[in-house]
Amino acid sequence: MSKRALISLSDKSGILEFAKELELLGYEILSTGGTKAFLEQNGVAITSVDQVTNFPEILDGRVKTLNPMIHGGLLAKHDDPSHQAQLEEHQITPIQVVCVNLYPFRETISKQDVAFEDAIENIDIGGPSMLRSAAKNHQYVTVVTDASDYDEVLAQLKETGETTLETRRKLAAKVFRHTAAYDALIAGYMTDLTGEEFPELLTLTYERKQSLRYGENPHQQAAFYKRPLGSDFSIASATQLHGKELSYNNIQDANAAIQIVKEFKLPAAVAVKHMNPCGVGTGETISDAFNKAYEADSTSIFGGIVALNREVDAATAKVLAGIFLEIIIAPSFSDEAIAMLTAKKNIRLLTISYEQTKKDAWNTVSVEGGLLVQSPDTFGLKDADVKVVTDREPTAEEWKALELGWSVVKHVKSNAIVVATEDMTIGVGAGQMNRVGSAKIALEQAGQRATGAGLASDAFFPMNDTVEVAAKAGITAIIQTGGSVKDQDSIDKANEYGIAMVFTGVRHFKH
């Protein structure tokens, strides 16, 4: 049987060497368009696809390989007499090797203000069709869509004249993943154009960024995947400057930290443990902000993750270096900061882009047998219909404390309570089965600092007991959702203690 290879590539990395080796192994090489021109210019003998199909390219190249002379050669079973008879009848030659990658749709739509027409013209039709045909028939056909596989394929062809079935099956599986991901990007792009938020079929694709040593616990396996064309403001897009490889729990905590720090325009620092903030501070400088985040809970920050929204300078690095931390995340680090912090062998230093150039992605959470999808909670105090429901209004200082607490509480596991001053958290209560339990934890942590502070709740008070414990701890202002059938009891209790209380009408549950 004659040997044929079909090569049609957008990304031509490594293909010249691959094609020349195939030629030396006796393969007739079919190609078209830019790939044909490139290979011929570099001395590879090419048979044009239109010579095989006896039909010219038409519709500005939209139709080149969609022809029985090509797909018959790809899909025929080599050991089926009926198939072989049909090939002979129609003078179709089998194709044993296919090397194809696709039009750069992803690269095209990633350009700012890309024209719709350009996006559409970069939806490949012939390429996926050839890949799928070859992958379906991998019992007989070797299909390559990734340049990293060229060497292995050549080595096997040189050694035995063919690839192993195991290799062909692995390559076929890779092809179907590749075409599925390609179609998922197209489906997402077209769905976004229509404005449809929850289509009847949700097709998502992610690329493996790294394999992890283990998951949440050492007996669990795990890997980290990145969403193509996702936000640059993400741990998946971060640059690691120093330290050990990130773990599963590191990634979760780091993501929680940057979601909180992006709430602030002023210099801000956030310390996170187990996906809850243990300290948040703002200040005139990033050093001032971090000192407040540290003072918020100097015990829990040990072994934590810190995110900052300004460059880490020498003054801040000097303090950071004196604390055991797992990760420090910032837009950048000064040379002096790098020198100080890299003296610690294992600490991870990450930089991320704080430029918000893309809309927030949908939040997804897996459950057994399904996936929950929702829009992100970007609702801020400026968006709320805020109502002062007590006799006394908050002072200017109390408003600042309530705003900071409200910005943080939505990032704390429910039931959530945050006690804050105008520039730092001083107590965080998270994940309790009743709201007053979270309040007691936050107020105990705040201690005497609670006097004159503000308290933020992620949801309404079902009864007035939270106001009672807050008042006894010295809280003078409260922000909560409102909407309980017993709201008036909480309002009356606040008035009894002279507390200013604000309703927002918006809940911030985080499970």
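Residues numbered from 1 in each chain as written. Predicted model: local features only at pLDDT ≥ 70, side-chain atom pairs only at ≥ 80, totals over all residues. Heavy atoms only, no water.

1. Quick look at the nonpolar core
Inside soluble globular proteins, nonpolar side chains tend to come together where they are buried.
Now for step 1: One finds Ile235 and Ile329 to be the most contacted residues of the largest nonpolar core, which totals 43 residues.
Now for step 2: At seven residues, the largest contribution of residues to this core is made by helix 11 (residues 248–261).
Now for step 3: In contact with Ile235, other than residues within four places in its own chain, are Lys209, Phe224, Leu246, Ile251, Ala254, Asn255, Ile258, Ile329 and Leu350.
Now for step 4: Counting residues in each nonpolar core, the second largest holds 31 residues, with Ala76, Leu87, Val143 and Tyr189 among its members. (Core = buried A, V, L, I, M, F, W, Y, C linked by side-chain atoms within 4.5 Å. Buried < 20%, exposed > 50% of the residue type's maximum accessible area, 1.4 Å probe, protein only. Helix = DSSP H or I, 4+ residues; strand = E, 2+ residues; numbered from the N terminus. Contact = heavy atoms within 4.5 Å.)

2. Regarding empty space enclosed by the protein
Now for step 1: With the rule as written, the count across this model stands at one cavity of 30 Å³ or more.
Now for step 2: Empty space within the largest cavity amounts to approximately 40 Å³.
Now for step 3: Lining the largest cavity are Arg213, Tyr214, Glu245, Leu246 and Ser247.
Now for step 4: When its residues are assigned to classes, the lining of the largest cavity shows two nonpolar, one polar and two charged. (1 Å grid on protein atoms, 1.4 Å probe; cavity = no way out; pocket = protein on both sides within 12 Å on 5 of 7 lines; lining within 4 Å. Points joined across faces, edges and corners; volume = space filled by probe spheres on them. Nonpolar A, V, L, I, M, F, W, Y, C, P; charged D, E, K, R; others polar.)

3. Regarding the sheet that holds strand 10 (residues 276–282)
Now for step 1: If you walk across this open sheet you meet the six strands as 8-13-12-11-9-10, and the pairing is mixed. Two strands close off the open sheet at either side, each with one partner strand: strand 8 (239–242) and strand 10. Neighbour to neighbour, the strand axes of the sheet diverge by 20° on average, direction disregarded.
Now for step 2: Examined bridge by bridge, strand 12 (residues 325–330) and strand 13 (residues 348–351) share four bridges and lie parallel to one another. Across the sheet, residue Ala330 finds its bridge partner in strand 13, namely Thr351.
Now for step 3: Seen against the sheet, helix 11 touches strand 9 (268–273), strand 10, strand 11 (304–308), strand 12 and strand 13 and runs at an angle of roughly 150° to strand 9.
Now for step 4: Where helix 12 (residues 286–296) meets the sheet, its contacts fall on strand 9, strand 10 and strand 11, and the angle it forms with strand 10 comes to roughly 140°. (Pairing = 2+ DSSP bridges. Axes fitted to C-alpha atoms, helices over the stretch in contact; angles between N-to-C directions.)

4. Quick word on the packing of helix 1 (residues 15–24) against helix 9 (residues 150–160)
Now for step 1: Where helix 1 contacts helix 9, the axes come no closer than 11 Å and their chain directions differ by 10°. Here helix 9 runs roughly parallel to helix 1, going by the angle between their axes. Contacts between helix 1 and helix 9 involve Ile15, Phe18, Glu21 and Leu22 from the former and Tyr150, Val153, Leu154, Leu157 and Lys158 from the latter. (Parallel < 35°, antiparallel > 145°, perpendicular 65-115°, else oblique.)

5. With respect to a nonpolar patch on the surface
Now for step 1: Taken together, Leu202, Leu204, Tyr206, Tyr225 and Leu371 make up a surface patch of nonpolar side chains, about 480 Å² in accessible area.
Now for step 2: As for its position among the elements, Tyr206 is in the loop between helix 10 (165–194) and strand 6 (207–212).
Now for step 3: With relative accessibility at 38%, the residue Tyr206 sits in the partly exposed group. (Patch = residues over 30% accessible without salt bridge, like charges linked within 9 Å, V, L, I, M, F, W, Y side chains within 5 Å. Areas by Shrake-Rupley, 256 points an atom, 1.4 Å probe, with all protein chains shown as cover. Salt bridge = Lys/Arg side-chain N within 4 Å of Asp/Glu carboxyl O.)

6. Observations concerning the side chain of Asp458
Now for step 1: Along the chain, the position of Asp458 falls in the loop between strand 19 (454–457) and helix 17 (465–473).
Now for step 2: Note on Asp458: relative accessible area 0%, which makes it buried.
Now for step 3: Here Arg435 takes part through its side chain, which lies 2.5 Å from a polar atom of the side chain of Asp458.
Now for step 4: Those residues within four positions of Asp458 in sequence are excluded, and the remaining contacts are Val409, Ser414, Asn415, Ala416, Arg435, Thr481, Arg507, His508 and Phe509. (Polar contact = N/O pair within 3.5 Å; in protein donor to acceptor, adjacent residues only side chain to side chain.)

7. Remarks on the pattern of salt bridges
Now for step 1: Overall, the coordinates contain 18 salt bridges when judged by the stated rule.
Now for step 2: A salt bridge links Lys472 to Glu468, with the shortest nitrogen-to-oxygen separation between them at 3.4 Å. Within this pair, Lys472 and its partner Glu468 are both found in helix 17, separated by four residues, close to a single helical turn.
Now for step 3: Looking at Lys472, the relative accessible area reads 63%, which means it is exposed.
Now for step 4: A salt bridge links Lys493 to Glu496, with the nearest nitrogen and oxygen atoms 3.5 Å apart. Here Lys493 pairs with Glu496, and both are found in helix 18 (residues 487–497), just three residues apart, close to one helical turn.

8. Let's talk about helix 8 (residues 126–136)
Residues lying three or four places apart along an α-helix face the same way, a consequence of the helix completing one turn every 3.6 residues.
Now for step 1: Along helix 8, eight of the 11 residues are buried, which leaves the element largely enclosed by surrounding structure.
Now for step 2: Every buried residue of helix 8 is listed here: Gly126, Gly127, Pro128, Met130, Leu131, Ser133, Ala134 and Ala135.
Now for step 3: In this structure, the buried side of helix 8 is in contact with strand 1 (4–8), helix 4 (68–75), strand 4 (97–100), strand 5 (142–144) and helix 10.

9. So, the layout of surface pockets
Now for step 1: Roughly 970 Å³ of internal volume is contained in the second largest pocket.
Now for step 2: When residues of the lining of the second largest pocket are traced back to their parent elements, those giving at least two are helix 6 (105–109), helix 10 and strand 6.
Now for step 3: Per-element tally for the lining of the second largest pocket: the top contributor is helix 10, with six residues.
Now for step 4: Among the residues forming the lining of the second largest pocket, the class breakdown is 11 nonpolar, six polar and eight charged.

10. Focus on the sheet that holds strand 2 (residues 28–31)
Sheet strands line up and pair through hydrogen bonds in the backbone, either parallel or antiparallel.
Now for step 1: As summarised here, the arrangement of the five strands in space is 3-2-1-4-5, forming an open sheet in which the pairing is parallel. In the strand order of this sheet, the two ends are held by strand 3 (47–48) and strand 5, each with one partner.
Now for step 2: Pairing analysis gives three bridges linking strand 4 to strand 5, with the strands arranged parallel. By the bridge assignment, Cys99 is partnered in strand 5 with Val144.
Now for step 3: Running at roughly 110° to strand 1, helix 2 (residues 33–41) makes contact with strand 1, strand 2 and strand 3 of the sheet.

11. Here we look at the environment of Ala184
Now for step 1: Secondary-structure assignment places Ala184 in helix 10.
Now for step 2: According to the relative accessible area criterion, Ala184 is buried, its value standing at 5%.
Now for step 3: In the structure, Ala184 is positioned 116 residues away from Pro68 in sequence and 27 Å away in space, judged by C-alpha atoms.
Now for step 4: Not counting residues up to four positions away in its chain, the partners in contact with Ala184 are Thr203, Leu204 and Thr205.

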